[in-house]
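A closer look at the structure
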Amino acid sequence: MIVNERDLRQGQARDIAEKMLVAARTAPKGKGVDIIECAVADGDDKQRIADEMRAIAAERGFKFFLRDALNVEAAQAVVLVGTREQALGLNCGHCGFPTCSDRAEGVLCAINSVDVGIAIGSACAKAADYRVDTRVMFSAGLAAQRLSLLGADVRQVYAIPVSIASKSPFFDRKAPEGK
């Protein structure tokens, strides 16, 4: 039996994206508190993200959301990583307020943000182990957040489209005009 590599791309991309979730989950977390949420979107959900990106572009005039929406559509899967909000009680001031109790409503604990970044780095490192193309996108993450794909209370969502192709769709991207 001959199996053509092109016929395996979707399944392989999904498998690698799922391994990226494992890397994100096992990444170190501040004080050992795990409030990271992550998932893989493909198929119709991936298209919903791209469509929402186009809606954001229309609302805000951010033309790079249109470029990024094309990248999401070109990818076989999209890894999503975000955080639930939970002050860790360190009173470190990294959020801009002297203590956790002084923090303004809606301001995330800075450690929550750091945890998201570390999880994203771990996920991207796993993708690199498999030599698949990725790109971290706040644009696609914002669209996924607006769609509540990780839950209504999950914030600071970032997306990592995963592509298996002869040329990365995330390289030599034409810069949009305007914002």
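Everything below is about the structure shown above.
Throughout what follows, the structure given in this document is the object of discussion. (Residues numbered from 1 in each chain as written. Predicted model: local features only at pLDDT ≥ 70, side-chain atom pairs only at ≥ 80, totals over all residues. Heavy atoms only, no water.)

Our focus in this paragraph is the overall build of the protein chain. Helices and strands together make up the secondary structure of the protein chain, namely 5 helices and 4 strands. Counting from the amino terminus, helix and strand elements in the protein chain follow one another as α-β-α-α-β-α-β-α-β. Expected size for 179 residues packed as a compact globule is a radius of gyration near 16 Å; at 17 Å, the protein chain falls within 12% of this value. Once the C-alpha set of the protein chain is aligned to its principal axes, its extents read approximately 60 × 40 × 25 Å. Considering the protein chain as a whole, with its 179 residues, one finds that 40% of them fall into the buried category. Taking the contacts inside the protein chain whose residues are at least 6 apart along the sequence as the reference set, 74% of them involve residues at least 24 apart. Distance from the positive charge centre (24 side chains) to the negative charge centre (23 side chains) of the protein chain: 4 Å. (Helix = DSSP H or I, 4+ residues; strand = E, 2+ residues; numbered from the N terminus. Rg over C-alpha atoms; globule rule 2.2 N^0.38 Å. Buried < 20%, exposed > 50% of the residue type's maximum accessible area, 1.4 Å probe, protein only. Contact = heavy atoms within 4.5 Å. Lys, Arg positive; Asp, Glu negative; His and termini not counted. Charge placed at Lys NZ, Arg CZ, Asp CG, Glu CD.)

On the basis of which strands lie adjacent, the open sheet formed by 4 strands has the order 1-2-4-3 and antiparallel pairing. Two strands bound the open sheet, and with one partner strand each, they are strand 1 (36–41) and strand 3 (133–134). The pairing of strand 1 with strand 2 (residues 77–84) spans 6 bridges and is antiparallel. Its bridge partner lying in strand 2, Ala39 is registered against Leu80. (Pairing = 2+ DSSP bridges.)

Here we come to the nonpolar core. Taken as a class, soluble globular proteins show a tendency for nonpolar side chains to be buried jointly. In this structure, Ile49, Met53, Phe65, Val72, Leu80, Ala140 and Val157 are the most contacted members of the largest nonpolar core, which totals 23 residues. Elements supplying a minimum of two residues to this core: helix 2 (43–60), helix 3 (64–74), strand 2, helix 5 (138–146) and strand 4 (154–163). Considering every element that reaches this core, the biggest residue donor is helix 2, with 5 residues. Residues Ile16, Val40, Val79 and Cys124 belong to the second largest nonpolar core, which totals 22 residues. (Core = buried A, V, L, I, M, F, W, Y, C linked by side-chain atoms within 4.5 Å.)

Attention now goes to the environment of Gly151. In this structure, Gly151 sits in the loop between helix 5 and strand 4. Spatially, the C-alpha atoms of Gly151 and Ala39 are 11 Å apart, while their sequence positions differ by 112 residues.

The next subject is the packing of aromatic side chains. Applying the stated criterion across every chain yields a total of 5 aromatic pairs. Through pairs of rings, three or more aromatic residues link up here, namely Phe62, Phe64, Phe65 and Phe138. (Phe/Tyr/Trp six-rings, centres within 6.5 Å; stacked < 30°, edge-to-face > 60°.)

Take the state of the cysteines next. Inspection of the entire model under this criterion finds 0 disulfides. Lacking any disulfide linkage, Cys92 is separated from the closest cysteine sulfur, that of Cys109, by 6.1 Å. Here Cys124 stays unpaired: no disulfide links it, and the sulfur of Cys38, its closest cysteine neighbor, is 13 Å away. Judged by its relative accessible area of 19%, Cys124 is buried. (Disulfide = S-S within 2.5 Å.)

The next subject is unusual backbone geometry. In this structure, Lys31 is a non-glycine residue whose phi angle is positive, near 55 degrees. Mapped onto the secondary structure, Lys31 falls in the loop between helix 1 (5–26) and strand 1. Positive phi is not limited to glycine here, since Asn91 has a value of about 50 degrees. Positionally, Asn91 belongs in the loop between strand 2 and helix 4 (110–129). Given a relative accessible area of 43%, Asn91 falls into the partly exposed group.

Let's shift gears to the environment of Lys126. Of note, Lys126 is situated in helix 4. Assessed through its relative accessible area of 26%, Lys126 is described here as partly exposed. Note: C-alpha distance between Lys126 and Asp45 (81 residues apart in sequence) is 23 Å. Excluding its chain neighbours within four sequence positions, the residues that come into contact with Lys126 are Lys19, Met20 and Ala23.

Our focus in this paragraph is a nonpolar patch on the surface. Residues Met1, Val3 and Leu8 make up a contiguous nonpolar surface patch of about 370 Å² in total accessible area. You can see Val3 is positioned in the segment before helix 1. (Patch = residues over 30% accessible without salt bridge, like charges linked within 9 Å, V, L, I, M, F, W, Y side chains within 5 Å. Areas by Shrake-Rupley, 256 points an atom, 1.4 Å probe, with all protein chains shown as cover. Salt bridge = Lys/Arg side-chain N within 4 Å of Asp/Glu carboxyl O.)

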